[in-house]
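Summary of structural features
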Amino acid sequence: MSELAAPLRRLIREHGPISVARFMALALAHPTKGYYPRRDPLGAAGDFVTAPEVSQLFGELIGLALVQHWLDIGRPPRVLLAELGPGRGTLMADALRAARVVPDFLAAASIHLVETSPRLRERQAAALPGLPVHWHDELAGIPEDAPLLLVANEFLDALPIRQFVRHGGGWRERLIGIDEASAFRFTLAPRTTPFPEIAAEGADSLPEGTLLELGPAREALAEALAGRLAAQGGMALLIDYGSDAPFMIGDTFQAVRRHLKVDPLEAPGEADLSAHVDFRAVARRAVAAGAVAYGPVSQGDFLRRLGIELRLQRLLERATPEQRTALASGCARLIDPLQMGELFKALALTSPAAPVPPGFTLQEKRQL
Ligand code: SAH
């Protein structure tokens, strides 16, 4: 069933148990046997549904927020409009449609998509017909010579995490090995890993058995984004599910297949793997690297502040009865605290010189 299982087992037999991060990276991104490179995972017929696929309102409001920020920073004549992990390209298509109200913005913007999956690049090209789109394998490929307006929805959650368990007064990494029946199993590293940084923040007083998650790849991305924003100007909007607590305590490593949660070790490469985003760690790293961070605020609050209810009313006026039902339920799904409104959060990073971005308040500016 899982083409990746045999090579992963071999790797573990030869080198010993591997970190959750290594497992996650291989399962999601292995070029020929990984999850993302081989399929379009989105939509009712796929494995999961994201906010831009739930409602056009999501991408439209984000597009308008980016346009507003462009106006607020003095309408630079060139701007890089970028997205990390654009999926089917729906968010960018909806954002650009909404941005037509400011033709000067469209004339100034060049479009940059960071996507590793060839299958999804095709979907993105089909969603953005006739537009000059530049694809990149990673953030580093995006030019550095103009302000950056970037959005990433459900991208950070796919970046690999490491897990550590408090054990005998130290932190031991949670690894993935294989049992006698060759099934993948969690195990603990034989030795502890020293963490001066988290020790300084009090993590060492957490009780025995506590599981802590760290997202080094997410923090590295935050640092790279912050460096660019400080040098190039602009804003990055990071939207994902996660928390703003002092530490990521508890196991959030999860697998989703055909809209159901499954065992993350069961079929590497066949299920989507993700983990909750530690927004506090991302914001802290970005601020340390020279950006200003706002939030995170809940997705419900963020979209309401951007005017989702008013925009829904406008669309309802012109809609057929069936469209009305779909529009209203899509909007509710995005903002209802019991659906996506509370678990999903938006964090904004800006250059130090930029004004408060749309959807955030000055009170939500973070200190180190
Ligand atoms: N933002 C989209 C899709 C989310 S799924 C939406 O909201 O619908 C995650 C996306 O990130 C996919 O497009 C996937 O191919 C891409 N992706 C995941 N890990 C990546 C990585 N390390 N580098 C580049 N793209 C990645």
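Notes on the structure follow.

Moving on, we get to empty space enclosed by the protein. Empty space among the atoms becomes visible once a probe the size of a water molecule is rolled across them. For the coordinates displayed, the defined rule picks out 3 cavities of 30 Å³ or more. Taken as a whole, the largest cavity holds about 50 Å³ of empty space. Around the largest cavity, the lining residues are Ala27, Ala255, Arg257, Val262, Asp263, Pro264, Glu266, Ala267, Pro268, Gly269, Ala271 and Leu273. Taken together, the residues of the lining of the largest cavity sort by class into 8 nonpolar, 1 polar and 3 charged.

Taken as a whole, this structure holds 24 salt bridges when the rule is applied. The partner of Asp104 in a salt bridge is Arg75, and the shortest N-O contact between them spans 3.5 Å. Of the two residues, Asp104 is situated in helix α6 (residues 103-108) and Arg75 in the loop between α4 (56-72) and β2 (79-84); the sequence distance between them amounts to 29 residues. Assessed through its relative accessible area of 46%, Asp104 is described here as partly exposed. Classification of Arg75 by relative accessible area gives partly exposed; the value is 44%.

Turning next to unusual backbone geometry. Cis rather than trans, the peptide bond between Gly295 and Pro296 has omega equal to 10°. When you line up the elements, Pro296 lands in strand β16 (residues 292-298). Notably, Arg75 is not glycine yet its phi reads approximately 50°, a positive angle.

Turning our attention to the site of the ligand. Residues in contact with the ligand amount to 16 residues; listed here are only the nearest, Thr50, Gly85, Gly87, Glu115 and Asn153. Side-chain polar atom of Glu115 to an oxygen atom of the ligand: 2.5 Å apart, as the coordinates give it. Asn153 is positioned such that a nitrogen or oxygen atom in its backbone is 2.7 Å from a nitrogen atom of the ligand. Placement of the ligand is best described as lying within the largest pocket.

Turning our eyes to something else, we now look at helix α9 (residues 216-232). Between its first and last C-alpha, α9 extends 24 Å over 17 residues, near the 24 Å set by a 1.5 Å rise per residue. Among the residues making up α9, those that are buried are Arg218, Glu219, Leu221, Ala222, Leu225, Ala226, Arg228, Leu229 and Gln232. Buried-residue contacts for α9 involve β2, β5 (148-153), β10 (234-243), β15 (277-278), α10 (279-288) and β17 (344-350). A positive backbone phi angle near 85° is found at Gly233, which sits one or two residues after α9.

Before going further, it helps to spend a moment on the layout of surface pockets. When its volume is computed, the largest pocket comes out at roughly 880 Å³. Lining of the largest pocket is provided by 39 residues; of these, Gly85, Thr116, Phe155, Ala158 and Leu159 occupy positions nearest its centre. Those elements giving two or more residues to the lining of the largest pocket turn out to be α2 (20-29), α3 (51-54), β2, α5 (90-98), α7 (118-127) and α9. Taken together, the residues of the lining of the largest pocket break down into 26 nonpolar, 6 polar and 7 charged. By volume, the second largest pocket amounts to about 440 Å³. Around the second largest pocket sit 19 residues that line it, and Phe48, Val49, Glu154, Gln254 and Phe344 are the ones nearest its centre. Where the lining of the second largest pocket is concerned, the elements lending two or more residues are β12 (254-257), β13 (260-262) and β14 (272-274). Looking at the lining of the second largest pocket, its residues break down into 8 nonpolar, 5 polar and 6 charged.

What follows deals with the packing of helix α12 (residues 308-317) against helix α13 (residues 321-335). It is the contact of α12 with α13, at a shortest axis distance of 10 Å, that shows an interaxial angle of 170°. In terms of axis orientation, α12 runs roughly antiparallel to α13. Packed against α12, whose contacting residues are Ile308, Glu309, Leu312, Leu315, Leu316 and Glu317, the element α13 presents Arg324, Leu327, Ala328, Cys331, Leu334 and Ile335 at the interface. Per-class residue counts for the contact of α12 with α13 are 9 nonpolar, no polar and 3 charged.

Note that Glu219 resides in helix α9. For Glu219, a relative accessible area of 12% translates into the label buried. In this structure Glu219 touches Ala281 and Arg285, once residues within four positions along its chain are discounted.

As judged from the 4 bridges shared by strand β6 (residues 162-167) and strand β9 (residues 211-214), these two strands associate in the antiparallel manner. Note that in β9 the partner of Gln163 across the bridge is Glu213. Taking the residues that link successive antiparallel strands as the turn, the β6-strand β7 (residues 170-178) hairpin has 2 residues, and the phi of Gly168 there is positive, at about 55°.

Parameters and conventions
Residues numbered from 1 in each chain as written. Predicted model: local features only at pLDDT ≥ 70, side-chain atom pairs only at ≥ 80, totals over all residues. Heavy atoms only, no water. 1 Å grid on protein atoms, 1.4 Å probe; cavity = no way out; pocket = protein on both sides within 12 Å on 5 of 7 lines; lining within 4 Å. Points joined across faces, edges and corners; volume = space filled by probe spheres on them. Nonpolar A, V, L, I, M, F, W, Y, C, P; charged D, E, K, R; others polar. Salt bridge = Lys/Arg side-chain N within 4 Å of Asp/Glu carboxyl O. Helix = DSSP H or I, 4+ residues; strand = E, 2+ residues; numbered from the N terminus. Buried < 20%, exposed > 50% of the residue type's maximum accessible area, 1.4 Å probe, protein only. Near = heavy atom within 4 Å. Polar contact = N/O pair within 3.5 Å; in protein donor to acceptor, adjacent residues only side chain to side chain. Sits in = over half its atoms within 2 Å of the grid points. Expected span 1.5 Å × (residues − 1). Contact = heavy atoms within 4.5 Å. Axes fitted to C-alpha atoms, helices over the stretch in contact; angles between N-to-C directions. Parallel < 35°, antiparallel > 145°, perpendicular 65-115°, else oblique. Pairing = 2+ DSSP bridges.

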